[in-house]
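Read off the chains here:
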Amino acid sequence: MNSGDELYSLINRLYPICRSITGDGVRESLQIIGEYIPIQVHEVKSGTKVFDWTVPEEWNIYDAFIKNSRGDKIIDFKELNLHVLNYSIPVDEKIGLEKLKEHLFTDPQHPEWVPYRTSYHNKNWGFCMSHNQFTGLNDEVYEVKIDSVLKPGSLTYGEYLIKGKTDLEVLFTCHICHPSLCDDNLSGISIAARLARELSNMKLKYSYRFLFIPGTIGSITWLSLNQDKVNNIRYGLVLTLLGDESKFHYKKSRRGNSEIDRIVIRLLKDKYPDSEFIEFYPYGYDERQFCSPAFNLPVGRLSRSNHGEFPEYHTSADNLAFIAPKYLSESYELLLAIVDEIESGEKYLSLNPECEPQLGKRGLFKKIGGQSETKDFQMALLWILNLSDGEHSLKDISEQSCLGSSIIYAAKDALVDAGLLIKM
Ligand code: ZN
C-alpha cells in the first residue's frame, strides 16, 4: 500500500470513535495507534495539579438521542458523534421546544453542516445539529437522553521515544481529543504514527519523541510532568490539518528564527513556493504551550489549511471526503524531508567565541585584498565563526550570508585546519 492510502486507511479506522480530552475514545484510539508503534500509554489522575490547571474528571458516553413526540429519533449520537456537545453531563427528560433550544447548537453560516462544540469546563449538556434541521423543528414535547458519565478517572495520552545517538530530541506532537473530525486531529495522528514507525527502523543522530495528547490540557500536563526533559528538545513540530488540498501554512516558533523554522521554510520555499509563513501568535494548537515564555521551545506548526480559517473547520464537513491520500502523502513526504535535513545538517562549533580570533597571525587574513573571491572567502570565515554556535548548520550559514556552499565549505576547512572550529 502506498503511504497516502495507508495514512487514509488509519484515519478511516479512527474516524467513528468518539474522542474527547479524556475517556475510552482516547484509549481505543491509542490502542489502534499501538498496532503501528509500541506506544507507551500514560494515565494521569483527575485532580492532578498541572501548573495553573487541574486534570479534569473523565468523560465517557454510551448513547444519546432526541426523540420527537411520535417517538422518532431525530438526532442520534450513534449516527454521528458530533451531535452531542462534547463533555455533556447526563440528561434524561421530556421538554418543550423553547427549553430544548437553549441546549441546541447550529452553524447558520453553513446550514447543512453539524458543528462541533465542547463544554469541558462548564457543566452543561447539549446537542449539535444542522441549522436546516433546527429551523424545521416543530413546537412539541421532545425526549432528550444523554447516557454519559463524568466522574474522577484519568487523562490518557500516548508517548513514543525513539533513541538516537544523542539525547538531543526532535519532538512531534499531535492532538487526539476531537471526535469524528478528519483533518483537524486525525491527519496529524495518522502521519505521526506512520512517521514514527518509519523512523524506528532508521539509524538516527537525534532522539525522536512522539506525543499523542489531548489539546491544551494534554500539552500542559506533559510539560508539567516532564520539565526535566524539555531542555533536550532542539526541534519540534505540531502536526495537524495535513490532509486537505490547501497549500502549506507554517507557523513559526515564538523564537521566530530557530533551526526548525529555517529548515521548514527552506524546504517549503523550494518544494511548494506558494506556501505561507505565519509569525507566532498565542492561539491555535499546542504550540501555545510549548512556546509559552518559561519554555519557549523551538516548536513550530505544520499544516496545510490554516487553523480556523477554512469553512469546514470544526464541522461535520471535516470528514473523510475533505481529505485525500494524495495530500496526506505529500505532507508525509515533506516530513521525511524535514527529518532528513535535521539529521544531515552539518554543524560546527567555534572554539574561540569570545570576540573574533585574530585571523592574520594564522595566515587566514590576506593583506592584499580587492579581489572579490578573496573578500568572499574572508566574509565566509567571519560568518562561520559568528554562527557556529550550535544553532546553525552550514546550510543556514550559507543562506544567511548569501555565500555559495563551495566557499562556505572551503572556509570551514581552513578554520578546522587552524584549530578554530570543531565538528559537532
Ligand atoms: Zn480543533
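The rules behind these values
- Numbering of residues begins from 1 in every chain and follows the order in which that chain's sequence is written.
- pLDDT decides what is reported in this predicted model: residues at 70 or higher carry local features, side-chain atom pairs at 80 or more are listed and counted, and totals for whole chains, interfaces and linings draw on all residues regardless.
- With hydrogens and water set aside, each side-chain value is computed from the structure's full complement of heavy atoms.
- Where helices and strands are cited, they refer to DSSP runs of H or I of at least four residues and of E of at least two residues respectively, numbered from the N terminus.
- To sort residues, take the accessible area from a 1.4 Å probe on protein chains only and compare it with the maximum for the residue type: under 20% means buried, over 50% means exposed, and anything in between is partly exposed.
- In this analysis, two residues are considered to be in contact whenever any of their non-hydrogen atoms come within 4.5 Å of each other.
- Positive: Lys, Arg. Negative: Asp, Glu. His and the chain ends are not part of the count.
- Think of each charge as sitting on NZ of Lys, CZ of Arg, CG of Asp or CD of Glu.
- Domain ranges listed in this record stem from an automatic or a database domain assignment.
- The term buried area refers to how much accessible surface (probe radius 1.4 Å) is lost by two components on association, counted for both of them together.
- Here a salt bridge means any side-chain nitrogen of Lys or Arg lying within 4 Å of a carboxyl oxygen belonging to Asp or Glu.
- Two strands make a pair as long as DSSP finds a minimum of two bridges between them.
- With axes taken as lines fitted to C-alpha atoms, and helix axes fitted only over the stretch in contact, angles between N-to-C directions fall between 0 and 180 degrees.
- In this listing, donors mean N, O and S atoms no farther than 2.8 Å from the metal, or 3.2 Å for Na, K and Ca; water is missing from the atoms, so a site can look incomplete.
- The cut-offs work like this: below 35 degrees is roughly parallel, past 145 is roughly antiparallel, 65 to 115 is roughly perpendicular, and the gaps in between are oblique.
- Three categories are distinguished: nonpolar for Ala, Val, Leu, Ile, Met, Phe, Trp, Tyr, Cys and Pro, charged for Asp, Glu, Lys and Arg, and polar for the others, with Gly belonging to the last.

So, on to the overall build of the protein chain. Across its full length, the protein chain carries 12 helices and 19 strands. Its C-alpha atoms give the protein chain principal-axis dimensions of about 95 × 40 × 40 Å. Counting only residues that meet the buried cut, the protein chain has 57% of its 424 residues in that class. Counting contacts in the protein chain only where the partners sit at least 6 residues apart, residues at least 24 apart contribute 80% of the total. Taking the average place of the 47 positive charges on the side chains of the protein chain and the average place of its 59 negative ones, the gap between the two points comes to 6 Å.

Right, let's talk about the domain arrangement of the protein chain for a bit. Taken domain by domain, the protein chain holds domain 1 (3–56 + 154–344), domain 2 (59–151) and domain 3 (347–423). If you average the C-alpha positions of domain 1 and of domain 2, the two centres end up 31 Å apart. The partner domain 2 presents 19 residues to the 24 residues of domain 1 that form the contact. Taken together, the two surfaces of domain 1 and domain 2 that pack against each other cover about 1,600 Å², and 59% of this comes from carbon and sulfur. Its largest share of buried area at the contact with domain 2, domain 1 owes to Cys18, Ile21 and Ser316, together 26% of the area lost on that side. At the surface where domain 1 touches domain 2, the tally comes to 0 salt bridges.

A sheet is described by the order of its strands in space; here 4 strands give the open sequence β5-β4-β9-β6, paired in antiparallel fashion. Edge positions in the sheet fall to β5 (73–76) and β6 (91–96), since each has one partner strand and no second. Between one strand axis and the next, the sheet turns through 20 degrees on average, direction left out of account.

Within the protein, the atoms that donate to the zinc ion are His178 (NE2), Asp184 (OD) and His314 (NE2), at distances of 2.1 Å. Binding-site remark: the zinc ion is held by donors from one chain whose sequence spacing is H-x5-D-x129-H. Highlighted residues: aspartate 184 in helix α5 (residues 182–199) and histidine 314 in the loop between β16 (299–303) and α9 (325–344), separated in sequence by 130 residues. Taken individually, aspartate 184 and histidine 314 each receive the classification buried, so the pair is uniform in this respect.

So, on to the pairing of β16. Of all the 5 residues making up β16, 5 are buried; the element is thus mostly covered by neighbouring parts of the structure. Of the two faces of β16, both are covered, the one formed by Val299, Arg301 and Ser303 as well as the one formed by Gly300 and Leu302. Of the strand pairs in this sheet, strand β13 (residues 233–239) and β16 are connected by 4 bridges, and their pairing is parallel. The residue of β16 that forms the bridge with valine 238 is arginine 301.

What follows covers the packing of helix α7 (residues 259–271) against helix α11 (residues 394–401). Interaxial distance between α7 and α11 falls to 11 Å at its minimum, and their mutual angle equals 70 degrees. The orientation of α7 relative to α11 falls into the category roughly perpendicular. When α7 is examined against α11, the residues Glu259, Arg262 and Arg266 are found in contact with a partner set consisting of Lys395, Asp396 and Glu399. Residues of the contact of α7 with α11, tallied by class, amount to no nonpolar, no polar and 6 charged.

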